[in-house]
Amino acid sequence: MSTYVSNPDEAKEYHSRYRMFYIVIALTFTVLTMRLWYLQIISGNELREFSEKNRIKQNKITAPRGLMLDRDGKVLVENLPGFEVLLTPQYIEALPDLAKTIGPILGMDPEKVIQKVQKSRRQNGPFAQIRLKENLSREEVFRLKRVRLDTPGLEIRESIVRYYPLRENGAQLFGYVGEISKRQIPIFNEQYKDFMKFDQGDIIGKSGLEETLERDIRGTDGISFIQVDAHGREAVTQTPNIYGEQIRDQVPVHGNNAVLTIDRDIQEAAYKAFTVTGIDLRGHIGSILVMKTNGEVLAWVSAPSFDPNEFSTGITPSTWSRLINDPFKPLRNKVIQDHNPPGSTFKPLVAVAALSEKVITPTTIVPAPGVFYFGRRPYHDSLKQGHGNITVFQAIEQSSNVFFYKMGIALGVDKMYDYINPMGIGQKTGIELSREVSGIMPNSAWKKSAVGEEWQPGENLSTAIGQGFVTTTPISMAIAYNSIATEGKVVKPFIIRKVLDQDGKVLRENFPQVVRDLQQPQPNGIKISPETFKVVKEGMRLVANGPRGTARYWKVPGVEFAGKTGTAQVMGFSADQIHASCTARPIHMRHHGWFVSYAPAENPEIVVAVLAEHSCHGNTGGVPIARDIYNAYFQKYHPDIIANALKQKGVKKKVEPAATTEGE
């Protein structure tokens, strides 16, 4: 049997190690004690509050957006009640199983559900709620409620669906709404920092007036509080409170309403006139602007269009693909975004310059053959045999190219610019919508700057008939023609008449504004006499009422309108093809048809600009549309005029003329 004998010298070797061990234990205990003291004494109240708040879930209650009403109080954009389904990623335990459960209920491929959740996690983090689907049907809500108790992170919430009763009609004007993107959040929070704050999942105006009026019609979101369990599901408990103090919900504040200058009746008439007939089954392609002479916009049409309700309820990938791949660009607001050559609608503006500069007088006779040679190059008239010896009245009435070729040579581009640019061509109008383009009114300095070349004399000819470098939008043409109709008043167009709170109190209001009076000297020294405007107005009256006017077939009972047709070439043609049938060509090679006008001719009240793209002729593509709009306007605002005219003449059905190549 062996015995163990302690060696004191050997034990002394471990004394220093034991001491270090005791020190480590003491330090650890001290650190833990200090940490506990800090957490419980220093930060106890704060952490307790945080802990209690962690069991309280905040639900944002989206405020209803304000309505958009027409000038008579009729609804143009409103809200409807609905339901939406949301997921909170942090509570999702088995994503594939969840997708298989709710995918068929929502009519979604389970793989799409997974992709949507994973994409949101990457872009917005694990705590941002994901809106899977909006505008749920009753059947979908019922089935989702059955599986909700066994599906952590799933929530069904009441929502507000933005509704556009006119659907495709005016879609580009009213715009649409959609969920704010992660990129937009800091931009919008900076832009509206003194008024509102945006968070992930918020619905905002994405285009049109929805975007322009965001600050006015958005409203203030409310908040509701509920107690939740560890899975984020609502707990069956008493009213949520912290420290025994009840948390009160915050009621959402409805957005303000916007009263527009739009007249719903005229808007519907304009859309119907534009879409009933056209170059294909969808109707015309192009745009319409109807405006009172003080600048109030009555109707706004851009076609082809889209249904903004599809964006409110969550647009499908196939619909989005169809819209962005449509060659005629239904998402573009053609009234302010597409600029095209104005063609012969430019001629009255050139006539103003020629008369003001004394290049011609009202009685000057100018030979206008079918072909005009400048140097060795032939410039053709729209009428193959020409127009003979004519004055400025007949030149506008019959739309003589050769007459205006000669005006272009005599004036030169810089003189044309001096008179026409102040009328609104080549400038933005300042309408309350984003993304407006100015178009181009060229001069020699512009070409040198933009193209890097000197202006060539031959370019004066194409400019004088609204071709070449000249491009303009329908809204700019309406402003320019309005300046002729009012004999010099250049107005700022506007759509938003006033903004009202929910009690009907006016918060802000817009009024007609004259930007320039062309009868007064302008900064460039030019001014235009009333006599000049009267001469041009008579020529435009003859367009619709003269014996050889290019719009003479289309009448409004009891009302004379004045204007100018125009055919804008989309591409050049050889001499043997220039008078060939336009309608026989492929659609992308057909000319655009313009008609810009005002009525009544003697005392103008409204201006109508119509651009029917690829319709070949202004007289058959644009004039009948304007005629229908005038009919609707005067039937509403001056029914006695049309009634008396029909009574005097007897109601007879007119035979609409077929397309013609005469004039425009």
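Residues numbered from 1 in each chain as written. Predicted model: local features only at pLDDT ≥ 70, side-chain atom pairs only at ≥ 80, totals over all residues. Heavy atoms only, no water.

Enquirer: I'm lost on the pattern of salt bridges in this one. Help?
Expert: Oppositely charged side chains are able to pair whenever their charged atoms sit close together. Per the stated rule, a full pass over the model turns up 34 salt bridges. A salt bridge links aspartate 307 to arginine 167; the nearest nitrogen and oxygen atoms lie 2.7 Å apart. Of this pair, aspartate 307 sits in the loop between β13 (297-303) and α12 (309-312) while arginine 167 sits in the loop between β5 (154-163) and α7 (171-174); the two residues are 140 residues apart in sequence, bridging distant segments of the chain. Within this structure, Arg65, Arg162, Asp202, Glu210, Glu214, Arg218 and Asp221 form a network of salt bridges that share partners. (Salt bridge = Lys/Arg side-chain N within 4 Å of Asp/Glu carboxyl O. Helix = DSSP H or I, 4+ residues; strand = E, 2+ residues; numbered from the N terminus.)

Enquirer: Teacher, can you tell me more about the sheet that holds strand β12 (residues 285-292) here?
Expert: Where strands meet in a sheet, backbone hydrogen bonds hold them as pairs that are either parallel or antiparallel. Sheet architecture is open: five strands sit in the order β13-β12-β24-β23-β22, paired in antiparallel fashion. At either end of the open sheet lies a strand with only one pairing partner, and these are β13 and β22 (562-568). Strand-to-strand twist of the sheet, defined as the mean angle between neighbouring strand axes without regard to direction, takes the value 5 degrees. Here β22 runs beside strand β23 (residues 592-599); their pairing, made up of seven bridges, is antiparallel. Opposite glycine 563, over in β23, you have serine 597 as the bridge partner. (Pairing = 2+ DSSP bridges. Axes fitted to C-alpha atoms, helices over the stretch in contact; angles between N-to-C directions.)

Enquirer: Quick question: what am I supposed to make of the nonpolar core here?
Expert: Looking at soluble globular proteins, one finds that nonpolar side chains tend to be buried together. Counting 120 residues, the largest nonpolar core has Phe174, Leu209, Leu260, Trp300 and Ile495 as the members making the most contacts within it. Top contributing element to this core by residue count: helix α21 (residues 474-485), with eight residues. Sequence-distant contacts of leucine 260, that is, excluding residues within four places in its chain, are made with Met68, Leu69, Asp70, Arg71, Leu76, Phe174, Leu209, Ile495, Ile496 and Arg497. One finds Val85, Ile102, Met108 and Ile130 within the second-largest nonpolar core, a separate group that totals 21 residues. (Core = buried A, V, L, I, M, F, W, Y, C linked by side-chain atoms within 4.5 Å. Buried < 20%, exposed > 50% of the residue type's maximum accessible area, 1.4 Å probe, protein only. Contact = heavy atoms within 4.5 Å.)

Enquirer: Help me understand the pairing of β12 in this model?
Expert: β12 sits mainly inside the fold: seven of its eight residues count as buried. Sheet analysis places β12 next to strand β24 (residues 606-613), joined by eight bridges and oriented antiparallel. Within β24, the residue paired with leucine 289 across the bridge is alanine 609. Note that β12 and β13 share six bridges and pair antiparallel. In the strand pairing of β13, leucine 289 is matched with tryptophan 300. Where β12 folds back on β13, the antiparallel hairpin that results is connected by four residues, among which glycine 295 adopts a positive phi of roughly 105 degrees.

Enquirer: Teacher, can you tell me more about the packing of aromatic side chains here?
Expert: Taken as a whole and judged by the stated rule, the model has 16 aromatic pairs. Look at tyrosine 176 and phenylalanine 306: their rings are 6.0 Å apart centre to centre, the planes differ by 85 degrees, and that puts the pair in the edge-to-face class. You can see tyrosine 176 sitting in the loop between α7 and β6 (177-179) and its partner phenylalanine 306 sitting in the loop between β13 and α12, a full 130 residues away along the chain. Here phenylalanine 561 and tyrosine 630 contribute two aromatic rings whose centre-to-centre distance is 5.1 Å and whose plane-to-plane angle is 25 degrees, an arrangement assigned as stacked. Pair noted here: phenylalanine 561 is in the loop between α22 (530-545) and β22 and tyrosine 630 is in helix α24 (residues 623-637), with a separation of 69 residues, a long-range link. Through pairs of rings, three or more aromatic residues link up here, namely Tyr176, Phe306, Phe311 and Trp320. Against the face of phenylalanine 195 rests arginine 215, its NZ or CZ located 3.4 Å from the ring centre. (Phe/Tyr/Trp six-rings, centres within 6.5 Å; stacked < 30°, edge-to-face > 60°. Lys NZ or Arg CZ within 6 Å of the ring centre and 35° of its normal.)

Enquirer: Looking at this structure, how should I read the packing of helix α15 (residues 347-356) against α22?
Expert: The packing of two helices is summarised by the inter-axis angle and the distance between the axes. Look at α15 against α22: their axes get within 9 Å of each other, and the N-to-C directions meet at 145 degrees. Like other packed secondary-structure pairs, α15 and α22 cross with a definite hand, here right-handed. Here Pro348, Ala351, Val352, Leu355 and Ser356 of α15 lie close against α22, whose contacting residues are Thr532, Val535, Val536 and Met540. Of the residues assigned to the contact of α15 with α22, the class counts are seven nonpolar, two polar and no charged. (Left-handed = near helix turned anticlockwise from the far one by under 90°. Nonpolar A, V, L, I, M, F, W, Y, C, P; charged D, E, K, R; others polar.)

Enquirer: I keep staring at the confidence of the model for the protein and nothing clicks. Help me out?
Expert: A low pLDDT means the predicted coordinates there should not be read in detail. Of all residues in the protein, 86% have pLDDT values of 70 or greater, and the mean over the chain is 87. Overall, residues 653-662 carries pLDDT values under 50, and its contacts beyond four positions in sequence, including any with other chains, amount to 17 contacts. (pLDDT = per-residue confidence, 0-100.)

Enquirer: Any chance you could explain the packing of helix α4 (residues 95-106) against helix α6 (residues 138-148) here in plain terms?
Expert: Taken N-terminus to C-terminus, the directions of α4 and α6 make an angle of 165 degrees; their axes are 9 Å apart at the nearest point. The angle between α4 and α6 falls in the class roughly antiparallel. The hand of the α4/α6 crossing is right-handed. On the side of α4, the interface is formed by Thr101, Ile102, Ile105 and Leu106, while α6 contributes Glu140, Arg143, Leu144 and Val147. (Parallel < 35°, antiparallel > 145°, perpendicular 65-115°, else oblique.)

Enquirer: Which parts of the structure should I look at to understand the environment of isoleucine 130?
Expert: Checked against the element boundaries, isoleucine 130 lands in strand β4 (residues 130-133). Assessed through its relative accessible area of 4%, isoleucine 130 is described here as buried. For isoleucine 130, the contacting residues outside a window of four places in its chain are Val85, Leu86, Leu87, Pro89, Lys116, Val117 and Ser120.

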